[in-house]
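Take a look at the letters that make up each chain.
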Amino acid sequence: MRRRRMRIAFLALPALLGSVLIGPPPAGADPVEATVPAGSERSHHEHDESAQLVRIELTGSDMLDKVVDAGFDIDHGLKRVPNGIEGEAVVTAEQITELEAMGVKILADDEGFEWSEEADGGLGAAAAARTVQPLSHAQTVRVVRADWFTTKGQGFLYVEARTTEGQQANPVVMMQLENDSGRGSSFGFARTMSRFVDSGQYMFHRNLFKLDTRPSEIKVTSSTGGVTTGSVSNWLEGAPPPLTDNPGYKYDFIDGYKHPQQLYSRAEEIARQYPDIAQIIYLPNKTNGYQRKAQATIGGTGQAAVVVSSAAWGHEGGNDVTVEFVERPGANLPLTVEVAGRAVRVLLAKDAAGALASTAAEVAAAVETRSQGLIDRAHPYRTNAGTGIVAPTAGPVALTDFLDEKRVGAPEGEVPRGPATVPVLRIGKHRDGRNPGVLIQAQDHAREWVPATTTLETAERLVRNYKTDKDTKKIVNDTDIFLILSNNPDGANYSFYNFASQRKNLTNHCPDEDADPARRNSWGVDLNRNYRVGSAHDGYAGGSFSCVSGTYQGPEKLSEPEAANIVWLVETYSNIKFMMSVHSNGGQLFWQPGAYIADGRVTTPRPPMGDEAFYWQSAGRILSQVKAYRETVVTPENVGGSSDVLYSSAGNVREDLYHTYGIYAFGWEVGGSIYNPATGNWQGGSFQPPWVGDPALVSGHSETMEYANGIMEMFRIAAEWGKDKKKPTSELVPGGGKYSGPVDVRFETSEPATIYYTTDGSRPTLQSPRYESTDFREPGQVFHVTETTTFRWFSVDTAGNVEKNYDPENGNRNNYRSATITVGKK
C-alpha cells in the first residue's frame, strides 16, 4: 500500500474498524440463439456442433479487453477470483488454442475458484498463538470488513482484510482468518484467506463461508507476523418490512417479458390514466432505428467474393434490389454495369482469349459507382484484396436486410422500422423541479430483459398505490421520478425478434473488413461505453476500439443518440440528483470508480468519504428490500466501486453523471447467484431466465418483484435526502488534550459526511485537504501525531448541510471545529 506523507509530523494509519453465465433461454426461445453468446463468428456457433462451453480465467480487465476485441463474448456474469476474473465462452477446439495463445487459462471441469467451506488450519499453531498488539502506525494488517448475513436459513461470514505487504510476490504473503463463536468465546476455526490480484495489483485477501453461529469478532494474521482483530457487523439483517407488506398494497402487475413497443405503449397509457401525477417526456434524439441495409455476399468468402449493400434501407426498397454477375460470349469485353428498375446486372469482362477477367476488387468498384444509386457500398470480402476472378452467378441474387428472418420463439407481429423516439415516463405530484429527481434507466444492453420489467413494475406500483398507500403518496409527493423503460429499443427488438443474445444497439460503424452480413450479430455500440468520463479514448480499460467487440465504445464519445439523450435529460432537468442504471445478470450493486488504466490499475477519482459512506448506507437499505421478497442476498463482495467489485468498464454512464453533474449514480446488475438450500450451493442466473420457475430460485418474475422492491427504496432515500436539513456533527477521536507521547487520532461523523481540515493554522475551506479513507473500501485514516498540532475542520453531508452552519467561503466566520493535540516530550 502506498502511504501518504503528511505536511506535518504525523503519518496516515488505517482505522481498525470492526463468467458470463450462459443461461437457459426464455420460454419458447430458440435454444441455440438464446444460449450462444453474441459476437462475431468466433463465438456464434449455431451451425457448429464442435463448439463447447468452457470456463476460462483472465488476469484482469486488460486481458478481458483483448479477448473481447478478438470476438469472444464473455462480458457479463463474470466473477472476480484471486488471480483475476473467471468467465465462460462457447468456443471450438481451434479457438481454445487461440485463447491459450493470448494467455487465457482454460479451466478443467474440476478447476475454477470456489470458496472453501473447510477450516484448513490456516498458517498453523504458531500464527494462532500470536497476540494482537495495540493500535500503531506500524500496523501491517487491517480488517476491511467482516459481515454476517443469512439467506434461506443458512448463515454466512464474509471477511475482507488487507496487508501493507500484499503486493509482495516472492514469497506471497499469506493471511489466516479465525472467528469466535459469540461474545466472550475464543478464536478458532483457522482458515487460509484467498489473495486477490487484478491486472497485476494486489487488492485484498478475503473469504466467504458458511457458519451456523454468528461470531462476534474475527482475528486475521499474516505470514509476516502482522495480526489484528475486528468486530463482525450485520449485512442486510433486521431491515424494515417492504412496502409490499403494507395493508392493501398492490403489486405484481407484470405477466411476462415486454418488448419496447409494449413498454412504451404502457408508459403512454399510464400518463393518460394518471395525468395528475404522470406525463411523458420524449427524448429529442431519435435512435438510428430497427433497420438495416439490404446485403449479400456473392461468390463465397475467398478472393473472388464481393459484398454488396443497398443504398436504401431494406424496408425502403433495399430488399427489392437484386445483383447478377453475367458472363457474355466473346473476347476483349469490358466490365459493364446495367440497371433496370432495381435489378443490377454486372457484365463481366473477358480477355483476348475469351476468359473471364474481372477481379472482385474491380467488380466492387464498378457496382459501387455505376449502380445508379442502388448500391452505395461494395467491396471484397473482409480483409481480402479481391484479386480473384469473379464467376457468374446462377441468376439474380436478392439482397436482404435479414430482419424478416425471425428467430424461433419470437413474439407475434412486426417491428416498426426506422428511427425510434424514446419516451421517459415522469411520475411525481410536483414536476416543476422543486423535488429531487431520480432517473431509472433500463435496458442499455438489449438482451437484458428483466431490468425493463422491473422498471415497469415500479411505475405500476407508484401510480396504482398513490391514492391508497401513505408511503407511496409520500414518495410521489416528495420526488420527481424519470423512468426509461428501454434505453435501447433497436437492440431490444433485435434481441426479441432476431438474435436473443444481442447486447448493443444496431448502428453499424464497421469498415469494409467487418461489414459483411455474416457479422450482423456483432454490429452496434455498447451504449454503456459511449460516455465521456474514464473513456477508452482516454486510455481506460474496458471499452473496445473494435466495432465487432461486445464492448465497442463507438467512433467517439457520445456518438450514439441513446447516450446523448441521457446527457440532454440531466442537463434539461437539473433537479435529477439520483440515478440507477439497471442491468443484468451479475447480482451486483456498484458506483464509482468504474474504470481504470490497466497499467498500474489507476482508477478514475474515487468519491469523497462522505459520498462513499452514503453509497454504502443506501446500498444496505436498497438490498435489504430486495432480500425481503425471497431471501435473495447480494453479498458484500459484490457491492462497491464497480472496478473493484468486477472489472473496468470505460466510458460508463455512472461515471459521467457523477463526475460531470454530481449525481449519485448507481449501477445495478439484477439477478446473479441465489443460494439454493437444497444443494448447499449458489446457483447462477441468466439474461432471460424463464419467466415463471421455482420462486425460490431463478425466474424472471421473481427477479422483477424483488428488484422493484429495491428501486422503491431508492425513491424513499431520495425523498428523505430532499427533506434533510439536519446539520452533521463530527469529532476528532480521542480528541484534543495533552498526551505524554505520540498519539493516534481519527475523525468520526454522525452521518455520511465529508470532512475538510487544516493543520497549518488556517481556516478550513472547501479547498482544504479532505479527510480520506486509508485505502479503497476502508474506513478513514488514522493520524499518528508526533508533535503538538491543531486541527481545524468542518463537515458537509451529502445533502449539502454544513456543520454548525459554518460558511467556508466567508472569512469573517470562524465557527469551525478545532482541537489541539499537545504532545509532551519524553
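Because the structure is predicted, anything quoted here is derived from the model rather than measured.

(A) How the structure looks around the overall build of the chain. When its secondary structure is counted, the chain shows 13 helices and 39 strands. The globule rule puts the C-alpha radius of gyration for 826 residues at 28 Å, and the 30 Å found for the chain is close to it. When burial is assessed residue by residue, the chain has 60% of its 826 residues classed as buried. Element-wise, carbon and sulfur atoms account for 49% of the exposed surface of the chain, whose accessible area totals about 30200 Å². Within the chain, the 101 negative side-chain charges are centred at a point lying 8 Å from the centre of the 81 positive side-chain charges.

(B) Structural view of the pairing of strand S4 (residues 84-91). Burial of S4 is extensive: 8 of the 8 residues sit out of reach of the surface. Strand direction decides the pairing type here: strand S2 (residues 52-58) and S4, joined by 7 bridges, are antiparallel. In the sheet register, Leu53 faces S4, and the bridge partner there is Val90. Pairing analysis gives 3 bridges linking strand S3 (residues 79-81) to S4, with the strands arranged antiparallel. Each residue of the ladder has a partner; that of Arg80, found in S4, is Ile85. Following S3, the chain reverses through 2 residues before pairing antiparallel with S4.

(C) Inspection of the sheet that holds strand S16 (residues 293-298) at higher detail. Pairing within the open sheet is antiparallel, and its 3 strands lie in the order S16-S17-S21. At either margin of the open sheet sits one strand with a lone partner, and together these are S16 and strand S21 (375-380). Strand-to-strand twist of the sheet, defined as the mean angle between neighbouring strand axes without regard to direction, takes the value 15°. Examined bridge by bridge, strand S17 (residues 306-313) and S21 share 5 bridges and lie antiparallel to one another. Bridging across to S21, Val308 finds its partner in Ala378. Here helix H5 (residues 360-370) sits on the sheet in contact with S17 and S21, set at roughly 175° to S21.

(D) Inspection of unusual backbone geometry at higher detail. Here Asn170 and Pro171 are connected by a cis peptide whose omega angle stands at -5°. Assignment of secondary structure puts Pro171 in the loop between strand S7 (154-163) and strand S8 (175-179). Residue Pro593 is bonded to the preceding Gln592 through a cis peptide linkage, with omega at 0°. Mapped onto the elements of the fold, Pro593 is located in the loop between strand S26 (576-591) and strand S27 (596-597). Of note, the phi angle at Leu558 is positive, near 55°, even though the residue is not glycine. Within the secondary structure, Leu558 sits in the loop between helix H8 (489-497) and helix H9 (561-572). For Arg601, which is not glycine, the phi dihedral falls at a positive 50°.

(E) Up close: the pattern of salt bridges. With the rule as written, the count across this model stands at 43 salt bridges. A salt bridge links Asp147 to Arg145; its shortest N-O distance comes to 2.7 Å. Classification of Asp147 as buried rests on a relative accessible area of 3%. With a shortest N-O distance of 2.6 Å, Asp255 and Lys258 are connected by a salt bridge. Since its relative accessible area comes to 59%, Asp255 is described here as exposed. Here Lys258 falls in the buried class, since its relative accessible area comes to 17%. One network of salt bridges, in which partners are shared, links Arg80, Asp198, Arg601, Arg606 and Asp644.

(F) Just the state of the cysteines, in detail. Per the stated rule, a full pass over the model turns up 1 disulfide. Two residues, Cys510 and Cys547, share a disulfide whose sulfurs are 2.1 Å apart. The S-S bond linking Cys510 to Cys547 shows a torsion near 115°; that makes this disulfide right-handed. One end of the pair, Cys510, is in the loop between H8 and H9; the other, Cys547, is in the loop between H8 and H9, and 37 residues separate them in sequence. Owing to a relative accessible area of 7%, Cys547 belongs among the buried residues under this scheme.

(G) Region of the structure containing the packing of aromatic side chains. Counted by the stated rule, this structure contains 36 aromatic pairs. Taking 6.2 Å as the distance between ring centres and 55° as the angle between the ring planes, the aromatic pair formed by Phe204 and Phe776 counts as tilted. Here Phe204 is found in strand S11 (residues 201-211), whereas its partner Phe776 is found in the loop between strand S36 (753-758) and strand S37 (781-785), with 572 residues between them in sequence. You can call Phe776 buried: its relative accessible area is 10%. Positioned over the ring face of Tyr466 is Lys473, at 4.1 Å from the centre of the ring. In this structure, Arg520 packs its charged tip against the face of Phe402, placed 4.2 Å from the ring centre.

(H) Representation of the confidence of the model for the chain in the model. Scored by pLDDT, the chain has a mean of 90; 92% of the residues are at 70 or more. Contacts of residues 1-48 to residues separated by more than four positions or lying in other chains number 175 contacts, the stretch itself having pLDDT below 50.

(I) Spatial organisation of the pairing of S11. Burial within S11 is extensive, with 9 of its 11 residues counted as buried. As paired elements, strand S10 (residues 194-198) and S11 share 5 bridges and run antiparallel to each other. Bridging from a neighbouring strand, Ser194 pairs with Arg206 of S11. Between S10 and the antiparallel strand that follows it, S11, lie 2 residues; Ser199 among them carries a positive phi value of about 50°.

(J) Representation of the environment of Ala563 within the structure. Relative to the helices and strands, Ala563 resides in helix H9. C-alpha of Ala563 to C-alpha of Lys726: the two residues are 163 residues apart in sequence and 36 Å apart in space. Once residues within four sequence positions are removed from consideration, Ala563 is found in contact with Asn530, Tyr531 and Leu558.

(K) Spotlight on helix H7 (residues 470-478). When H7 is considered as a whole, its buried residues turn out to be Asp471, Thr472, Ile475, Val476 and Asp478. Contact partners of the buried residues in H7: strand S23 (423-427), helix H6 (450-465), strand S25 (480-484) and helix H13 (700-723).

(L) Geometry of the packing of H6 against H13. Two numbers describe how H6 lies on H13: the axes approach to 8 Å, and their chain directions differ by 55°. One way to sum up the angle between H6 and H13 is to call them oblique. In the crossing of H6 with H13, the sense of the turn from one axis to the other is right-handed. Only Gly700, Glu703, Thr704, Met705, Tyr707, Ala708, Asn709, Ile711, Met712 and Phe715 of H13 make contact with H6, whose side of the interface consists of Val450, Thr453, Thr454, Glu457, Thr458, Arg461 and Leu462. Of the residues assigned to the contact of H6 with H13, the class counts are 8 nonpolar, 6 polar and 3 charged.

(M) Main features of the sheet that holds S36. Ordered in space as S34-S39-S38-S36, the 4 strands form an open sheet in which the pairing is mixed. Of all strands in the sheet, those with a lone pairing partner are strand S34 (737-739) and S36, marking the two edges. On average, each strand axis in the sheet is tilted by 25° relative to the strand beside it, whichever way the strands run.

(N) View of helix H1 (residues 61-69). All of the buried residues in H1 are Ser61, Met63, Leu64, Asp65, Val67 and Val68. The inward-facing, buried residues of H1 abut S2, S4, helix H2 (93-101), S10 and S27. Of the residues flanking the end of H1, it is Gly71, one or two places downstream, whose phi is positive at about 105°.

(O) Quick peek at the environment of Gly200. With respect to the helices and strands, the residue Gly200 is situated in the loop between S10 and S11. For Gly200 and Ala665, which are 465 residues apart along the polypeptide, the C-alpha to C-alpha distance reads 28 Å.

What counts and how
Residues numbered from 1 in each chain as written. Predicted model: local features only at pLDDT ≥ 70, side-chain atom pairs only at ≥ 80, totals over all residues. Heavy atoms only, no water. Helix = DSSP H or I, 4+ residues; strand = E, 2+ residues; numbered from the N terminus. Rg over C-alpha atoms; globule rule 2.2 N^0.38 Å. Buried < 20%, exposed > 50% of the residue type's maximum accessible area, 1.4 Å probe, protein only. Areas by Shrake-Rupley, 256 points an atom, 1.4 Å probe, with all protein chains shown as cover. Lys, Arg positive; Asp, Glu negative; His and termini not counted. Charge placed at Lys NZ, Arg CZ, Asp CG, Glu CD. Pairing = 2+ DSSP bridges. Axes fitted to C-alpha atoms, helices over the stretch in contact; angles between N-to-C directions. Contact = heavy atoms within 4.5 Å. Salt bridge = Lys/Arg side-chain N within 4 Å of Asp/Glu carboxyl O. Disulfide = S-S within 2.5 Å. Phe/Tyr/Trp six-rings, centres within 6.5 Å; stacked < 30°, edge-to-face > 60°. Lys NZ or Arg CZ within 6 Å of the ring centre and 35° of its normal. pLDDT = per-residue confidence, 0-100. Parallel < 35°, antiparallel > 145°, perpendicular 65-115°, else oblique. Left-handed = near helix turned anticlockwise from the far one by under 90°. Nonpolar A, V, L, I, M, F, W, Y, C, P; charged D, E, K, R; others polar.

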